[in-house]
Structures are given as structure tokens and as C-alpha cells.
Amino acid sequence: MVDQFETPLFTALKKHAEKNPIQFHIPGHKKGNGMDPDFREFIGENALSIDLINIGPLDDLHLPKGIIKQAQGLAAKAFGADYTFFSVQGTSGAIIAMIMSVCNPGDKILVPRNVHKSIMSAIVFSGAIPIFIHPEVDSYFGISHGITPDSIEKALKFHPDTRAVLVINPTYYGVSGDLKKTVKIAHSRNIPVLVDEAHGAHIHFHRDLPLSAMEAGADMAATSVHKLGGSLTQSSILNLQGKLVSPKRVQSVLSMLTTTSTSYLLLSSLDVARKSLATVGHALLEDTIRKAEETRSKINEIPHLYCMGHEVLETSAAVAMDPTKLLISVKELGVTGYDVEKWLRIRFNIEVELSDLYNILCIVTPGDTEQDLLLFIQALTELSKEYKTQVDKNVDSSVLLPEIPLLALTPRDAFYADTEVIPFEESEGRIIAEFVMVYPPGIPIFIPGEIITQDNLVYTRMNVEAGLPVQGAEDEELKSIRVIKEQLANN
């Protein structure tokens, strides 16, 4: 019988450290003795004693046969998967492995437009052709939700040779579409469903949270345990079930992408995070949901602020939401979310997860205290008072992503093509050779291979002028852009 209270990896690391072996192997700091003393004192000797590599007693993430295999097996049981693979490359690494495990050059993959940049990186690496689907939009918050099962079914009729379907569940904002129906549609055609579950490590462990990818029957899910599951930053998992994807292929691709100097600090934090989620996760999440809902109610009592709740669930792109996500519209105060993020930092020493033109996003986890949340309410109350003089209840938040441009070349062909740099304002009609995205949350405005449209240029300019982090292009000021060289016709 599987005992979820066991931590085979963490326990073995502690026992190894207790033996205090003489180490003639890397890392060169040798339990901290060879590093800066201030850093060593701050980090602590215990952490440094298990900062190890894949020596004999400690198994090997590239070919797990011992304690890592045991830890991954426990995680698979906890998350309802057939196989679980640990990632020390974050969920970005797991997503890239997930896509490269099923897509070959020229294969089509259905993806929502509001994808994380790691998905586009995987499409470049694999040589796959993205078939983009518009996500449903929320005009009040000015955000994208998921893609509907109906839109997926229509796309599959147009593209019956599709190799995989990728969906986000839940979105960065905590909203989930009808994943079960999407899986049914794809599986009726023997097409695997891949899930970006970066923001859903906890959802499998409480009935009041959205359905997890494994519960919905998806084939693979890349899950950020470090985001909302309690492990260290950069540690994630890749879950796999069913017969449509080969676990040996996944292991092979993961090994290609993963450093050979895998961090045992990260791996052991996955081991103990799984234990916590599997054994006390429901109780912890019960309390977390309560605190988040109470905070949501208090925010909605503050003039000119509005925190999204279950009322947002109106379409098949939004059938469930994660109440531990607090998406707060600040547009009625006549100020951008980005300005509010800076204001909270300077005035109250509060850091938020994300800001955009109209909102801030905060996450509530078992690590938050009642006192922290009360201070947050106090800060937002003060914010409302300070900005009430410029209240504008007619802010237009319907300016969203423009129409998806035409893909003239595959992203990989565009990425490796002969290119030139031209002024940004003169680029309409040219084929772009680099990424431009607003990050967070990493939604592409341009991807390599697309024809630049005026809508894209206007949208990009709007984000830059608002001070939002537009990333990906070589020119950080976006005065110039890299495009495919145009070939002159022979005379």
C-alpha cells in the first residue's frame, strides 16, 4: 500500500548528510565550506549539506531506479497519474518536454492564443505548426479566459490532421473551461490533450477547486508545484496517463532538456510538497479558500474596487474558478494596475503577483496569515480613498488582443531565417522573426512567422505607454523590430 506520509527522497538526503561523507565531487562549495561565509550563514548548513549531485546512493533523475523513482511513484498516486516526472527546469521545461514528446516537425497543434511563452518556445523547437484559437474574453476585466470545446471541435474539423490539443487549465486568473468535454472531443479522434496546469498544482486536492487535468482525463499536464503547491521555485512535475503518449518517449525528451547537474534541493522539495498536499492538503486548502473568500467579500465593500468571483462563470470557457486567486479591478479609480502595484510596494511593502492595464492579481495560499490579509484590505481601503478624486466609471477595458495575424511561415522557419532590423513603426505587412509579448502573463502579441498588422502595432504601443513589461524583442525600447528579409524578384 502506498504511504503518502513517506518522503523517500528527502529522507535519504537527510540520512546521507548525517553520515557527513568526505566529498571529492561537485558542487565545489563542499557543504558550504568553500563559499562566501555571509551567504553560507544566511542559507544555512542544512540546506547546503543536501545540495548534492547524482552520486550512487542518491539515484539519477535521467534514469531513476531508486529514491527518485519512489518519490515520482508517490507523486503519480497523489495526482491521479500513471506516471509523474520531476522537473528542475520549472514548468517551462515540463511544457517544452510535453509538446516535444508528441509533436514532430510539420505537425499541427491546437493552442489558445493566450499561451505562455514556453509553449511558443516548444513550438519553435519541435517545428510544429500552431493553429491558434481565440480564447473567450471578459470585457469588464479586460482579460482572456480559456477556449471553448465548441471552438476546439470546429478547429479539428478544419484541421483533422491535428497531432495534439493544448489547453490552459486553469488560466493565470484561476478560471477553467470545460476540460472534460474538450478531452472527450479530442479523444474521439485519438488526439492527445496536453494541459498547461502551471497554476493548478493544488486543484486536485479540494472539491471546491476546478477539476484537475488528470481528473478530467487529459493525457499530460505540466504542473507548477512551486507556484501553489509548496515546493521551491523552479521545481515542477509532468503528469502522464493513458495510452496515447509513450512514457519512454517523455523520459527521453525530458533527459535531453534537463541539466545533468540536477538540484536535489529542488527535487526533495517536490517530495515533501507532494506529501503535504496528499496528507493535509484538503484541510489546508479548506482554510485557504475560507480566508480568500472572506478577503474577496471585504474587497468588494471598498468603493471603486471589484474582486472577481463565481459570477464570472457564464460560458463553457469559464465553468469553474479558483477562489484563492484575487483578481481585483482598479479601473474605476482611473489608475492602471501597474500603478497600483508600485503604490502598494512603496506605501505598504506589499508585492502582488501580476498587474495589467486594469487589474492586480494576488494569490492566497496556506502560507498567508490573517494579519497579512487584513493589512492588504487596509492598504486597498487607503488606495480607494487616495484615488477617489479621479474616479472614472466609464473606463473602456474592452481593448483586448487584436485579431490573430496570418502565419506566413512556421515559427521555427521564421526563427532561423535570414533577417534584418527595421523601424518598429514601419513594420506593418512584414513577417516578424522574434517574439513580442506582455509578461506577465506572457501572452504573445507577435510570434515568429506572423505578418505584422496595424492592430498589433497599436496594441503593443498601448502596453508600452502604460509602462507594462513588453518583452521578447531584442530592442527593449521597441523602436526597431527584427523581420524576415524580403527577397527581390529576379529581373
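Okay, so let's go over this structure. (Residues numbered from 1 in each chain as written. Predicted model: local features only at pLDDT ≥ 70, side-chain atom pairs only at ≥ 80, totals over all residues. Heavy atoms only, no water.)

1. With respect to the pattern of salt bridges
A complete count under the given rule lists 16 salt bridges for this structure. Among the ionic pairs, Asp271 bridges to Arg274, the shortest N-O distance being 2.9 Å. In this pair, Asp271 and Arg274 are both assigned in helix 12 (residues 264-299), three residues apart and thus about one turn of the helix distant. Overall, the relative accessible area of 0% leaves Asp271 in the buried class. Here Arg296 and Glu293 are joined by a salt bridge, their closest N and O atoms 2.8 Å apart. Here the residue Arg296 and the residue Glu293 both occupy positions in helix 12, the gap between them amounting to three residues, near one helical turn. Put simply, Asp287, Arg290, Lys291, Glu294 and Glu370 are held in one network by salt bridges that share partners. (Salt bridge = Lys/Arg side-chain N within 4 Å of Asp/Glu carboxyl O. Helix = DSSP H or I, 4+ residues; strand = E, 2+ residues; numbered from the N terminus. Buried < 20%, exposed > 50% of the residue type's maximum accessible area, 1.4 Å probe, protein only.)

2. Describing empty space enclosed by the protein
Tallying each qualifying case throughout the model produces five cavities of 30 Å³ or more. In this structure, the second largest cavity is lined by Pro112, Asn114, His145, Gly146, Ile147, Val167, Ile168, Asn169, Gly177, Asp178, Leu179 and Thr182. The class makeup of the residues in the lining of the second largest cavity is five nonpolar, six polar and one charged. (1 Å grid on protein atoms, 1.4 Å probe; cavity = no way out; pocket = protein on both sides within 12 Å on 5 of 7 lines; lining within 4 Å. Points joined across faces, edges and corners; volume = space filled by probe spheres on them. Nonpolar A, V, L, I, M, F, W, Y, C, P; charged D, E, K, R; others polar.)

3. Remarks on a nonpolar patch on the surface
Residues Phe39, Phe42 and Ile43 make up a contiguous nonpolar surface patch of roughly 350 Å² in combined accessible area. You can see Ile43 is positioned in helix 2 (residues 37-43). You can call Ile43 partly exposed: its relative accessible area is 36%. (Patch = residues over 30% accessible without salt bridge, like charges linked within 9 Å, V, L, I, M, F, W, Y side chains within 5 Å. Areas by Shrake-Rupley, 256 points an atom, 1.4 Å probe, with all protein chains shown as cover.)

4. Things to note about the side chain of Thr7
Structurally, Thr7 is set in the segment before helix 1 (8-19). Take Thr7: its relative accessible area is 10%, and that puts it in the buried class. Not counting residues within four places of it along the chain, the set of residues in contact with Thr7 comprises Asp271, Val272, Arg274 and Lys275. (Contact = heavy atoms within 4.5 Å.)

5. Points about the sheet that holds strand 15 (residues 359-363)
Taken in spatial order, the four strands of this open sheet run 11-13-15-14, and their pairing is antiparallel. Only two strands of the sheet have a single neighbouring strand rather than two, namely strand 11 (306-307) and strand 14 (354-355). Where strand 11 and strand 13 (residues 325-329) come together, two bridges link them in antiparallel fashion. Bridging from a neighbouring strand, Cys307 pairs with Ile328 of strand 13. This element, helix 12, spans strand 11 and strand 13 of the sheet and lies at about 10 degrees to strand 13. Docked against the sheet, helix 13 (residues 337-348) engages strand 14 and strand 15, running at close to 50 degrees with respect to strand 15. (Pairing = 2+ DSSP bridges. Axes fitted to C-alpha atoms, helices over the stretch in contact; angles between N-to-C directions.)

6. A closer look at the environment of Tyr173
Take Tyr173: it is sitting in the loop between strand 6 (162-168) and strand 7 (175-176). Judged by relative accessible area, Tyr173 falls into the buried class, the value being 7%.

7. Quick look at helix 11 (residues 247-257)
Every α-helical turn comprises 3.6 residues, leaving residues that sit three or four positions apart pointing alike. For helix 11, every residue scored as buried is listed here: Val250, Gln251, Val253 and Leu254. The buried residues of helix 11 occupy an angular sector of 165 degrees when projected down its axis, which confines them to one face. Facing away from the buried side of helix 11 by over 90 degrees, the exposed positions are Lys248 and Met256. Buried positions along helix 11 lie against strand 1 (83-87), helix 5 (90-100), strand 9 (220-223) and strand 10 (236-240). (Arc of directions from axis to C-beta.)

8. Overview of the state of the cysteines
Under the definition given, this model contains zero disulfides. Counting only cysteine sulfurs, Cys362 is the nearest neighbor of Cys307, a cysteine outside any disulfide, at a range of 8.6 Å. Under the relative-accessibility criterion, Cys362 is labelled buried at 9%. (Disulfide = S-S within 2.5 Å.)

9. A look at the sheet that holds strand 3 (residues 129-133)
Hydrogen bonds between backbone groups are what pair the strands of a sheet, and the pairing can be parallel or antiparallel. One open sheet accounts for seven strands, arranged 1-10-9-8-6-2-3; its pairing is mixed. Taken across any chain shown, the strands that pair with only one partner, and hence form the sheet edges, are strand 1 and strand 3. On average, each strand axis in the sheet is tilted by 20 degrees relative to the strand beside it, whichever way the strands run. In the sheet, strand 1 pairs with strand 10 via five bridges, with the strands oriented antiparallel. Across the sheet, residue Phe85 finds its bridge partner in strand 10, namely Leu238. Along the sheet, helix 8 (residues 179-187) makes contact with strand 6 and strand 8 (193-197), crossing strand 8 at roughly 155 degrees.

10. Side note on the environment of Leu110
Mapped onto the elements of the fold, Leu110 is located in strand 2 (residues 108-112). Accessibility expressed as a relative area gives 1% for Leu110, which makes it buried. Separated by 242 residues in sequence, Leu110 and Val352 have C-alpha atoms that sit 32 Å apart. With residues up to four places along the chain from it excluded, the contact list for Leu110 reads Ile131, Ile133, Ile152, Ala155, Leu156, Thr162, Ala164, Val165 and Leu166.

11. Section: the pairing of strand 20 (residues 480-484)
Each regular strand displays side chains that alternate between the two surfaces of the sheet. Most of strand 20 sits inside the fold, with four of its five residues counted as buried. The pairing of strand 16 (residues 419-423) with strand 20 spans five bridges and is classified as antiparallel. Looking across to strand 20, one finds that Val421 is bridged to Arg482.

12. Details of the packing of aromatic side chains
Scanning the entire structure with this criterion turns up seven aromatic pairs. Measuring from centroid to centroid gives 5.1 Å for Tyr140 and Phe141, while their planes differ by 80 degrees, and the two rings are edge-to-face. Residue Tyr140 is classed as partly exposed on the basis of its relative accessible area, which comes to 27%. Arranged with centres 5.2 Å apart and planes meeting at 90 degrees, the rings of Phe415 and Tyr416 form a pair that is edge-to-face. Phe415 gets classed as partly exposed once you look at its relative accessible area, which sits at 40%. Accessibility expressed as a relative area gives 59% for Tyr416, which makes it exposed. Joined through ring pairs, the aromatic side chains of Tyr140, Phe141 and Tyr306 make up one cluster. (Phe/Tyr/Trp six-rings, centres within 6.5 Å; stacked < 30°, edge-to-face > 60°.)

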